[in-house]
Amino acid sequence: MCCYFVLIYFLNFLLCAQNLYANAFGFGLPVEVTGILGDNGTEIECSYTKENVLKIDSVIFMAFNRSSVNFEPVATFIPDTVSLFTPQGQYLVGRVTLKGITQSSPTAVMVFDQLLCLDDTFFKCHVRYIDSGGVGREATSDNITISVQVPPSKPEKILLKPLPSTQVLSEGDNVTFSCSGNVGKPPQKFDFQKYLREQIRPLNFTGTDTSTQEFPENCSFYRTSRITFQVAAKDNKAVIRCIVSFQAEKEAFIESEPLHVNYKVRMATINKHPDKADYFIGLDTSITLTCTSDGNPKPSYLWYKDKQTDAIGTNQILTINDVNTTGSGVYTCFVSNTINDVIHTKRVQVLVNIINEANEAESTTHRNTISNTTAIVVGLVCGTLLLVICVILLVIIRNKDKILRCSLPKTTNNKSIDYVDTTQQQNPSFYEEVGNCNAADLHNYEQLSSTDHHYSTIKD
């Protein structure tokens with residue numbers, strides 16, 4: 001039992017010593033080398049330091065065989081003599097150049113003049129040498145990776161799924177486009193674009209998914225991507241582009257067939273030519289009414305006048321050639337189209353006013369006469385009112401003057417008389433106008449005071 005443990009310890013010591021020497025050997029190798037499929041000039045090299053190295057016996061490149069899952073020698077370099085391919089490396093003959101080494105130049109190089117897919121693997125550098133103590137040793141580097149890259153190709157196809165039986169979509173339908181093709185290595189993505197009237201339009205999608213499959217024989221990937229979105233009226237005649245995201249070529253895309261999207265008619269408008277409020281007989285020779293709308297399928301048009309039940313036109317443009325007063329009225333344009341057996345209709349109206357120029361002149365003269373007569377009447381009424389106001393003011397002024405005269409005080413000749421049982425009937429003529437300020441003359445109160453009166457004595 002003790003001998004077993006001693007043997008295990010000794011073997012571990014030798015392994016550690018060998019690793020120590022290997023690490024002390026000092027490789028200077030790249031971790032990864034990248035090349036384009038079919039290109040030349042890709043190379044890998046094995047360089048190392050000669051510290052504690054007395055002599056290099058050989059340098060061997062080993063490649064990982066994916067079939068056998070082992071590293072196999074493919075090229076051997078012997079200093080100052082020859083470099084050659086091993087039996088396992090015969091697949092490199094004719095397209096790989098070996099640069100020999102010397103004792104003073106210890107860098108072994110493999111140059112790939114034509115890089116193939118099978119070169120995309122791991123390589124190692126294995127060195128046999130004699131150390132400064134005269135002991136033969138071996139050292140192996142870490143892996144060197146050759147990554148063969150493949151440019152993506154133009155997408156192969158773009159399909160609309162599910163394809164409508166009528167090849168026509170309706171506004172609001174959900175559609176899915178599928179794009180497939182070789183996306184190279186490393187695998188690139190597909191981008192979708194909506195293209196209309198030579199411009200890229202926003203594409204608001206509701207969902208995407210993709211699947212990728214590797215093809216080792218051509219060291220690339222095949223991808224299928226799908227996008228789902230809802231079509232609108234503005235998508236009619238648009239195309240969907242599928243573009244490889246990483247592609248220098250501007251033409252590396254594929255387009256779908258133009259979309260055919262049905263949508264109901266939009267609100268219509270009517271344009272008049274000439275565009276004016278009134279048309280005159282003899283002056284305007286024709287009137288053109290143009291009804292404009294949008295829809296797919298192409299809209300149909302019907303024209304009506306006033307409350308007539310029979311259409312007077314079935315085209316987009318209606319021309320009134322007989323400009324007469326009978327042509328005045330309200331013109332109605334009905335626009336319609338049919339989608340999935342449903343009729344969609346819009347209506348718009350316009351007023352056309354046609355005037356007889358002679359009647360218009362008479363009407364204008366009549367209006368002017370009425371206007372002049374009205375002005376005269378208004379002037380007379382205003383003058384009469386002003387005269388009445390002046391008369392009223394004059395009367396008021398005169399009345400105020402009379403009132404002032406009535407309120408004058410009596411003269412000092414008036415005598416105070418005690419009226420006690422007057423037996424003589426006084427002459428009423430003396431008083432009939434006393435207090436009447438409207439009389440022409442006022443009696444003098446002195447006359448009343450100078451009249452004789454007879455009084456009787458009343459005894460107790």
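Structure: see above.
Residues numbered from 1 in each chain as written. Predicted model: local features only at pLDDT ≥ 70, side-chain atom pairs only at ≥ 80, totals over all residues. Heavy atoms only, no water.

Draft legend 1. How the structure looks around the overall build of the protein chain. When helices and strands are counted, the protein chain shows 3 helices and 27 strands. Long-range pairs, those at least 24 residues apart, make up 60% of the contacts in the protein chain between residues at least 6 apart in sequence. Looking at the protein chain as shown, the accessible area adds up to about 29,400 Å², and 55% of this sits on carbon and sulfur atoms. (Helix = DSSP H or I, 4+ residues; strand = E, 2+ residues; numbered from the N terminus. Contact = heavy atoms within 4.5 Å. Areas by Shrake-Rupley, 256 points an atom, 1.4 Å probe, with all protein chains shown as cover.)

Draft legend 2. Quick peek at the sheet that holds strand β19 (residues 253–255). Within the open sheet, the 4 strands sit side by side as β15-β14-β18-β19. Their pairing is antiparallel. Only two strands of the sheet have a single neighbouring strand rather than two, namely β15 (199–201) and β19. When strand polarity is set aside, the average angle formed by the axes of neighbouring strands in this sheet is 40 degrees. Here strand β14 (residues 190–196) runs beside strand β18 (residues 239–244); their pairing, made up of 6 bridges, is antiparallel. The residue of β18 that forms the bridge with F192 is C242. (Pairing = 2+ DSSP bridges. Axes fitted to C-alpha atoms, helices over the stretch in contact; angles between N-to-C directions.)

Draft legend 3. Just the nonpolar core, in detail. Membership of the largest hydrophobic core comes to 32 residues, with the highest contact counts inside it found for I44, V59, F61, F77, M110 and F112. Within the residue set of this core, elements represented by two or more residues are β2 (42–46), β3 (53–65), β4 (70–77), β6 (96–99), β7 (108–112), β8 (122–131) and β10 (144–149). Looking at this core, the element that brings in the most residues is β3, giving 5 residues. V175, F177, I227 and V231 belong to the second largest nonpolar core, which has 20 residues in total. (Core = buried A, V, L, I, M, F, W, Y, C linked by side-chain atoms within 4.5 Å. Buried < 20%, exposed > 50% of the residue type's maximum accessible area, 1.4 Å probe, protein only.)

Draft legend 4. Summary view of the state of the cysteines. Evaluation of the coordinates by the stated rule reveals 4 disulfides. The disulfide bridge from C117 ends at C219, spanning 2.2 Å between sulfur atoms. On the sign convention where negative is left-handed, the bridge of C117 and C219, at about -60 degrees about the S-S bond, is left-handed. In this pair, C117 is assigned in the loop between β7 and β8 and C219 in the loop between β16 (205–215) and β17 (220–230), connecting sequence segments 102 residues apart. The class for C117 is buried, based on a relative accessible area of 16%. C219 gets classed as buried once you look at its relative accessible area, which sits at 6%. (Disulfide = S-S within 2.5 Å.)

Draft legend 5. Just the pattern of salt bridges, in detail. Applying the stated rule across the entire model yields 11 salt bridges. Linking D120 and R66 is a salt bridge whose minimum nitrogen-to-oxygen distance equals 3.7 Å. Placement of the pair is D120 in the loop between β7 and β8 and R66 in the loop between β3 and β4, with a sequence separation of 54 residues. Take D120: its relative accessible area is 15%, and that puts it in the buried class. Two residues, K194 and D235, come together in a salt bridge whose shortest N-O distance is 2.6 Å. (Salt bridge = Lys/Arg side-chain N within 4 Å of Asp/Glu carboxyl O.)

Draft legend 6. Spotlight on the packing of aromatic side chains. Counted by the stated rule, this structure contains 7 aromatic pairs. On the basis of an interplanar angle of 10 degrees and a centroid distance of 6.1 Å, the ring pair of F177 and F229 is categorised as stacked. In this pair, F177 is assigned in strand β13 (residues 174–184) and F229 in strand β17, connecting sequence segments 52 residues apart. Residue F177 is classed as buried on the basis of its relative accessible area, which comes to 1%. Given the relative accessible area of 1%, F229 is considered buried. Here K124 stacks its cationic end above the ring of F71, 4.5 Å away from the centre of that ring. In this structure, R241 packs its charged tip against the face of F253, placed 4.1 Å from the ring centre. (Phe/Tyr/Trp six-rings, centres within 6.5 Å; stacked < 30°, edge-to-face > 60°. Lys NZ or Arg CZ within 6 Å of the ring centre and 35° of its normal.)

Draft legend 7. Structural context of the side chain of N182. Within the secondary structure layout, N182 lies in strand β13. Side chain to side chain, N182 and S220 meet in a polar contact 3.2 Å long. Setting aside residues no more than four positions away along its own chain, N182 makes contact with P152, S153, E156, N218, S220, F221 and Y222. (Polar contact = N/O pair within 3.5 Å; in protein donor to acceptor, adjacent residues only side chain to side chain.)

Draft legend 8. Quick look at unusual backbone geometry. For the peptide bond that leads from K185 to P186, omega is -5 degrees, which places it in the cis range. Checked against the element boundaries, P186 lands in the loop between β13 and β14. A cis amide bond, omega 10 degrees, links N296 with the succeeding residue P297. Within the fold, P297 resides in the loop between β23 (287–292) and β24 (300–305). Despite not being glycine, V69 shows a phi value in the positive range, around 55 degrees. Tracing the chain through its elements places V69 in the loop between β3 and β4. Overall, the relative accessible area of 53% leaves V69 in the exposed class. At D341, a position not held by glycine, the phi torsion is positive, near 65 degrees. Assignment of secondary structure puts D341 in the loop between β26 (329–339) and β27 (342–355). Among the residues examined, D341 registers a relative accessible area of 76% and is labelled exposed.

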